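A look at the structure
Each chain is listed here by its residues.
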Amino acid sequence: MTAQFHDRIETEFRAIALKAGEVIMEVYGRPDFEARAKSDDSPVTEADEAADALIRAELARAFPDIPVVTEELSESHGIKASRFIIVDPLDGTKEFVKRRGDFTVNIALVENGVPVRGVVYAPAKERLFYTRADGSSVEEQGPFGDTPGLCTPITVSKPDNDALLVVASKSHRDAATDDYISRYAVKDAKSAGSSLKFCLVATGEADFYPRLGRTMEWDTAAGHAVVLGAGGQVLRFDDHTPLTYGKPGYENPFFLVLSPGVVLR
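Quick summary incoming for the structure in this document. Because the structure is predicted, anything quoted here is derived from the model rather than measured.

How each quantity is defined
Residues numbered from 1 in each chain as written. Predicted model: local features only at pLDDT ≥ 70, side-chain atom pairs only at ≥ 80, totals over all residues. Heavy atoms only, no water. Buried < 20%, exposed > 50% of the residue type's maximum accessible area, 1.4 Å probe, protein only. Helix = DSSP H or I, 4+ residues; strand = E, 2+ residues; numbered from the N terminus. Pairing = 2+ DSSP bridges. Expected span 1.5 Å × (residues − 1). 1 Å grid on protein atoms, 1.4 Å probe; cavity = no way out; pocket = protein on both sides within 12 Å on 5 of 7 lines; lining within 4 Å. Points joined across faces, edges and corners; volume = space filled by probe spheres on them. Nonpolar A, V, L, I, M, F, W, Y, C, P; charged D, E, K, R; others polar. Axes fitted to C-alpha atoms, helices over the stretch in contact; angles between N-to-C directions. Contact = heavy atoms within 4.5 Å.

Looking down a regular strand, the side chains alternate between one sheet face and the other. Burial along strand S12 (residues 208-211) is two-sided: Phe208 and Pro210 facing one way and Tyr209 and Arg211 facing the other are all buried. In this structure, S12 lies alongside strand S16 (residues 255-258), joined through 4 bridges in antiparallel fashion. For Tyr209, the partnering residue across the bridge sits in S16 and is Val257.

Listed below in structure tokens is the structure:
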């Protein structure tokens, strides 16, 4: 693809994520908001729906020829395309409902099964991570305006396999994950919600994020792109091959996010 196209992806993804973050924080700041259960029992709020409507409208304007798969629009889950944009307008709805700040806006571009560009914006944490037009990942320092502020290139850690820094899910921690982590020499284990776990590996704040639980591609694509742009890897748990996108039903297998220096056990 042309450099011009990737420049537009960088600019538009960043701007759209920031706008969605404003909509989400407007709901978050209210004394009460409605949360209800979807058919799969996961929660959805008016913030998810408002952010989804905004993101879909903005992407249709900016990239009318690229199909968009979004969590909140079930008819998009049947799309088959070699290139598509995949969106989770509010990843970490449980964190949002509990008023913990670990929720994100996720937007990613997938080409031939690989998430090549993405943005992860955590509005309550005021952290913004994205891939530049050249594919490298940065964290931008706030406050966030129309023009990008100071951007710091991010790279994964050089891990010490005798003292690993592990991050795991805040809302979905289970015995299988703990058993798996116990195979490693862990110096520190922290928990985080949403795609922030990917970003903690991308910045080198963690070496390793194992996910032994159900996720969908819209949960992971944007964070995955940021990790790749920082020199990291996202591998299937079962055979340690790269995790790919555009799978049936957009469901993921268990996976591992890591700095390439981590020795898998």
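Moving on from the coordinates now.
This part takes up helix H6 (residues 217-229). Taking 1.5 Å per residue, 13 residues should reach 18 Å; H6 reaches 18 Å between its end C-alpha atoms and fits that length. Of all 13 residues in H6, 12 are buried, a share of seventy percent or more. Listed in full, the buried residues belonging to H6 are Glu217, Trp218, Asp219, Thr220, Ala221, Ala222, Gly223, His224, Ala225, Val226, Val227 and Gly229. One or two steps after H6, the chain reaches Gly231, where phi turns positive at roughly 90°.

This next bit is on the layout of surface pockets. Roughly 210 Å³ of volume is contained in the second largest pocket. Lining the second largest pocket are 13 residues, with Arg14, Ala15, Leu18, Gly145 and Asp146 positioned closest to its centre. At 8 residues, helix H1 (residues 3-28) tops the list of elements feeding residues into the lining of the second largest pocket. Within the lining of the second largest pocket, the residues separate by chemical class into 5 nonpolar, 2 polar and 6 charged.

Here we take up the sheet that holds strand S9 (residues 151-153). Overall, mixed pairing links the 7 strands, which are arranged S3-S4-S5-S6-S7-S8-S9 in an open sheet. One side of each edge strand has no neighbouring strand; the edge strands of this open sheet are strand S3 (68-70) and S9. When strand polarity is set aside, the average angle formed by the axes of neighbouring strands in this sheet is 20°. Where strand S7 (residues 127-131) meets strand S8 (residues 137-140), 4 bridges bridge the pair, whose relative direction is antiparallel. From the neighbouring strand, Phe129 faces S8, where its bridge partner is Glu139. Across the sheet, H1 lies against strand S4 (83-91), strand S5 (104-111), strand S6 (114-122), S7 and S8, angled at about 155° from S5, the strand it touches most. The strands that helix H2 (residues 46-62) touches are S3, S4 and S5; relative to S4, the one it contacts most, it runs at about 155°.

Here the focus is empty space enclosed by the protein. Empty space among the atoms becomes apparent when a probe as large as a water molecule is rolled across them. In total, this model carries 1 cavity of 30 Å³ or more according to the counting rule given. Each pocket or cavity is described by its volume, and for the largest cavity that value is around 30 Å³. In terms of lining, the largest cavity is formed by Ile9, Glu10, Phe13, Arg14, Arg117, Gly118, Val119, Tyr130 and Thr131. Among the secondary structure elements, those contributing two or more residues to the lining of the largest cavity are H1, S6 and S7. Broken down by element, the lining of the largest cavity gets its largest block of residues, 4 residues, from H1. Taken together, the residues of the lining of the largest cavity break down into 4 nonpolar, 2 polar and 3 charged.

With that settled, consider the pairing of S5. With 8 of its 8 residues buried, S5 lies for the most part within the structure. Side chains Thr104, Asn106, Ala108 and Val110 of S5 all project onto a buried face; the interleaved residues Val105, Ile107, Leu109 and Glu111 project onto the opposite face, where all are buried too. Direction of pairing for S4 relative to S5: antiparallel, over a ladder of 7 bridges. Along S5, the bridge assignment pairs Ile86 with Ala108. By the bridge criterion, 7 bridges tie S5 to S6 in an arrangement that is antiparallel. Considered in S6, the bridge of Ala108 is made with Gly118.

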